[in-house]
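What follows is each chain in one-letter form.
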Amino acid sequence: MKLQAYLKGAPAIVLAGLLVGSLPVQAKAPIEVVTSFSILADMVKTVGADQVNVVSLVPADGNSHEVELTPRDIKKVASPDTRLLFVNGLGLDSWTDRLLSSSGFKGTVIVASDGVKVRKLDEASAHDEHGHPVADKDAHDHADHGHEGHEEQAHEEEHDHGHNHGEFDPHAWQDLANGQIYVRNIARALSQADPANTALYEGNARDYIQQMQALDGQVRKAMSDIPAQRRKIVTTHDAFGYFADAYGLEVIAPLGISTSAEPSAKAISAVVRQIKEQQIPAVFLENVKNNKLQDQIARETGAKVGGMLYSDALATTGEATSYLGMMRHNIRVITEAIK
Ligand SMILES: [Zn+2]
């Protein structure tokens with residue numbers, strides 16, 4: 001009775017109170033976020049849910065090492081509404097340095113790979129053998145210029161293509177343990193930008209990390225079922241070094257770390273010889289590369305073409321349109337081809 005009277009007497013006040021209490025969270029616009037490439041975009045969307053609007057500069061099936069920036073991209077990054085720019089780092093998307101200077105971006109740049117155990121390319125000379133003269137040339141240019149201070153940054157701006165310089169392997173996301181580090185960095189950055197939704201971001205990150213851990217176990221199991229001498233594959237460019245280290249696979253990549261180098265005839269015949277000698281069972285295509293070379297290698301060696309791997313970009317359709325889906329797809333395609 002008493003409560004009813006109260007509600008009857010003061011519904012307007014109660015409603016107003018509810019509205020005031022809930023307004024700040026419900027009416028707030030999502031955070032505008034830009035990512036350099038599609039895998040990061042998926043991770044940020046998964047952690048940020050409907051509290052973020054994410055635009056990826058390199059789209060699904062695009063080449064994340066290089067990018068043709070459009071005026072629309074620059075406008076998006078220059079917009080005062082865009083608060084966060086997520087990059088991979090490790091040389092993959094150093095083209096964003098150029099974008100930052102031309103757009104006058106005022107927000108925060110987050111390097112998603114911060115904290116991963118970086119895979120060094122100390123076998124850089126081996127990549128040169130496999131036809132990667134570009135990185136070598138860049139390295140010399142680099143030394144000649146003698147920048148002070150922000151050496152790395154100043155250097156990257158001189159190049160239209162974000163070639164990796166042969167020092168670090170940027171493809172850290174191919175190890176699900178690293179994926180978890182990316183997600184923690186993303187959740188922290190979103191929470192700092194939008195403290196009111198910290199619980200949401202942290203909760204989503206926790207769920208996501210659990211899924212990554214479960215999948216990591218499945219990948220290990222699937223790989224351990226393959227006889228050790230058959231755990232060898234050929235990919236186009238060297239995007240699976242972290243995957244190989246984490247899950248016990250040997251990967252040969254005729255293009256080395258870059259996606260722009262064209263391998264020499266000598267490099268190709270060296271790979272063909274290696275495939276025959278080591279009886280490598282399968283050659284894989286990649287969604288981000290022209291795959292003619294793989295067809296040629298398969299013909300010359302008798303290795304089978306094992307299917308399509310997603311390395312540096314998600315797919316536009318199908319299973320590999322998410323990071324977890326991509327990892328699931330890749331392990332299935334690899335194990336089916338070499339088992
Ligand atoms: Zn790559």
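Residues numbered from 1 in each chain as written. Predicted model: local features only at pLDDT ≥ 70, side-chain atom pairs only at ≥ 80, totals over all residues. Heavy atoms only, no water.

Asker: I'd like a description of helix H10 (residues 198-224), backed by residues and values.
Answerer: With 27 residues, H10 extends 39 Å from end C-alpha to end C-alpha; this agrees with the ideal 39 Å at 1.5 Å per step. Along H10, the residues that are buried comprise Tyr201, Gly203, Asn204, Ala205, Tyr208, Ile209, Met212, Leu215, Asp216, Val219 and Met223. Contacts from the buried residues of H10 go to strand S1 (31-35), helix H3 (38-48), helix H9 (176-193), helix H11 (241-247) and helix H14 (323-338). (Helix = DSSP H or I, 4+ residues; strand = E, 2+ residues; numbered from the N terminus. Expected span 1.5 Å × (residues − 1). Buried < 20%, exposed > 50% of the residue type's maximum accessible area, 1.4 Å probe, protein only. Contact = heavy atoms within 4.5 Å.)

Asker: Could you give me a rundown of the pairing of S1, with the residues and numbers involved?
Answerer: Of all 5 residues in S1, 5 are buried, a share of seventy percent or more. The alternating pattern of S1 places Ile31, Val33 and Thr35 and Glu32 and Val34 on opposite faces, both of which are buried. Since S1 and strand S2 (residues 52-56) lie parallel, the crossover through H3 that links them has a hand, and here it is right-handed. Of the strand pairs in this sheet, S1 and strand S3 (residues 82-87) are connected by 4 bridges, and their pairing is parallel. Bridging across to S3, Val33 finds its partner in Leu84. (Right-handed = clockwise from strand over helix to strand, strands pointing away. Pairing = 2+ DSSP bridges.)

Asker: Could you give an account of helix H12 (residues 265-278), with specific residues and numbers?
Answerer: Under the 1.5 Å per step criterion, the end-to-end length of H12 is 20 Å for 14 residues, consistent within 8% with the ideal 20 Å. Listed in full, the buried residues belonging to H12 are Ala267, Ile268, Val271, Val272 and Ile275. The buried residues of H12 all sit within an arc of 140 degrees when viewed along its axis, so they share a single face. Structural note: H12 exposes Ala265, Lys266 and Glu277 on the side pointing more than 90 degrees away from its buried face. Just downstream of H12 lies Gln279, where phi reads positive at about 50 degrees. (Arc of directions from axis to C-beta.)

Geometric values such as these leave the question of function open.
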